[in-house]
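# Coordinates in review
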Amino acid sequence: WTTLGGQYDWTAKQYPTTPPPAFPADIKALLESLFPQTKAEAAIVNLYSPGDTLSVHRDIAETSPHGLVSLSLGCDAVFVVGTDEKTLALRLRSGSAVYMSEASRFAWHGVPQIVAGTCPEYLKHWPGSREDDEFNDWKGWMEKKRVNLNIRQMWD
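Here is a short report on the structure shown in this document.

Cut-offs and rules
- Residues numbered from 1 in each chain as written.
- Predicted model: local features only at pLDDT ≥ 70, side-chain atom pairs only at ≥ 80, totals over all residues.
- Heavy atoms only, no water.
- Pairing = 2+ DSSP bridges.
- Helix = DSSP H or I, 4+ residues; strand = E, 2+ residues; numbered from the N terminus.
- Axes fitted to C-alpha atoms, helices over the stretch in contact; angles between N-to-C directions.
- Buried < 20%, exposed > 50% of the residue type's maximum accessible area, 1.4 Å probe, protein only.
- Polar contact = N/O pair within 3.5 Å; in protein donor to acceptor, adjacent residues only side chain to side chain.
- Contact = heavy atoms within 4.5 Å.
- Phe/Tyr/Trp six-rings, centres within 6.5 Å; stacked < 30°, edge-to-face > 60°.

Here we come to the sheet that holds strand S6 (residues 87-92). Taken in spatial order, the four strands of this open sheet run S3-S8-S5-S6, and their pairing is antiparallel. Only two strands of the sheet have a single partner each, and these edge strands are strand S3 (54-57) and S6. On average, adjacent strands in this sheet sit at an angle of 20° to one another, irrespective of strand direction. Where S3 and strand S8 (residues 108-115) come together, two bridges link them in antiparallel fashion. Residue pairing across strands places Leu54 opposite Val111, the latter belonging to S8.

What follows is the structure in C-alpha cells.
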C-alpha cells in the first residue's frame with residue numbers, strides 16, 4: 001500500500017495536526033465532482049493479488065464524519081460491511097465506487113477474497129499495451145491485480 005495526500009501515522013494511529021500534502025489535483029477534482037460531500041484529503045492505495053485479504057476493521061482515525069470513497073480497479077473483490085445487526089457482502093468489479101456515509105461510515109468492513117481471472121480485458125495488459133511501449137516488460141501485470149483507492153476527508 002501507499003498513501004496520497006495526508007500521511008497517516010500507523011504507530012500513533014493518527015493523522016498529523018499540520019496541513020496535509022496536496023492531494024493529486026486530477027483525482028481530487030473527479031472525486032469531489034462525484035462525491036461533493038467529502039473533500040479528498042487523504043487516500044490509502046492498496047494493491048491486492050488473488051489470495052490477499054484485508055481483515056475486518058473500522059476506519060475510525062479521522063474525526064470527520066464525512067463519508068469514505070472506495071474505488072476499485074482490476075480484479076473483482078468480495079467486500080463485506082456490517083454492524084451487529086446486519087452484514088452485507090458485495091462483489092466489487094473494476095470501476096465500482098462505494099460511498100460509506102452515515103451509519104456505514106464507521107461500520108466494520110473487510111475484503112475476504114480477490115477473485116482471480118476477473119480483470120477486465122481493457123486492463124489486462126496495462127501498463128504495456130504495444131510492442132514499442134516503454135512499459136512492455138510489464139505487459140500483463142494488471143491481469144492478476146486489484147487496486148483500491150480509499151479516499152477520506154481528514155478534518156471538518
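Along the chain, the position of Asn148 falls in strand S9 (residues 146-152). Among the residues examined, Asn148 registers a relative accessible area of 5% and is labelled buried. Polar side-chain contacts of Asn148 include one of 3.0 Å to the backbone oxygen of Leu71. With near-sequence residues (within four places) excluded, Asn148 lies in contact with Ile44, Val45, Asn46, Tyr48, Ser70, Leu71 and Ser72.

Note: strand S5 (residues 76-82) against S6, six bridges, orientation antiparallel. Opposite Val80, over in S6, you have Ala89 as the bridge partner.

This paragraph deals with the packing of aromatic side chains. Aromatic ring pairs: the centre-centre distance and the angle between the two ring planes describe each pair. Counted by the stated rule, this structure contains three aromatic pairs. Aromatic pair Phe35 and Tyr99: ring centres 5.1 Å apart, planes at 10°, arrangement stacked. Taken together, the residues Phe35 in the loop between helix H1 (25-34) and strand S2 (42-48) and Tyr99 in strand S7 (residues 97-100) connect sequence positions 64 residues apart. Exposure remark for Phe35: the relative accessible area of 13% places this residue in the buried category. With 6.5 Å between their ring centres and 55° between their planes, Trp126 and Trp141 make a pair best called tilted. On the criterion of sequence distance, the pair formed by Trp126 in the loop between helix H2 (121-124) and S9 and Trp141 in the loop between H2 and S9 is long-range, its members being 15 residues apart. For Trp141, a relative accessible area of 29% puts it in the partly exposed group. One aromatic cluster in this structure is built from Trp126, Trp138 and Trp141.

Pairing is antiparallel across the open sheet formed by five strands, whose spatial order is S1-S2-S9-S4-S7. A single partner strand is all that each edge strand has here, and the edge strands are strand S1 (2-5) and S7. Between one strand axis and the next, the sheet turns by 20° as a mean value, whatever way the strands run. Of the strand pairs in this sheet, strand S4 (residues 68-74) and S7 are connected by four bridges, and their pairing is antiparallel. By the bridge assignment for S7, Leu71 is matched with Ala97.

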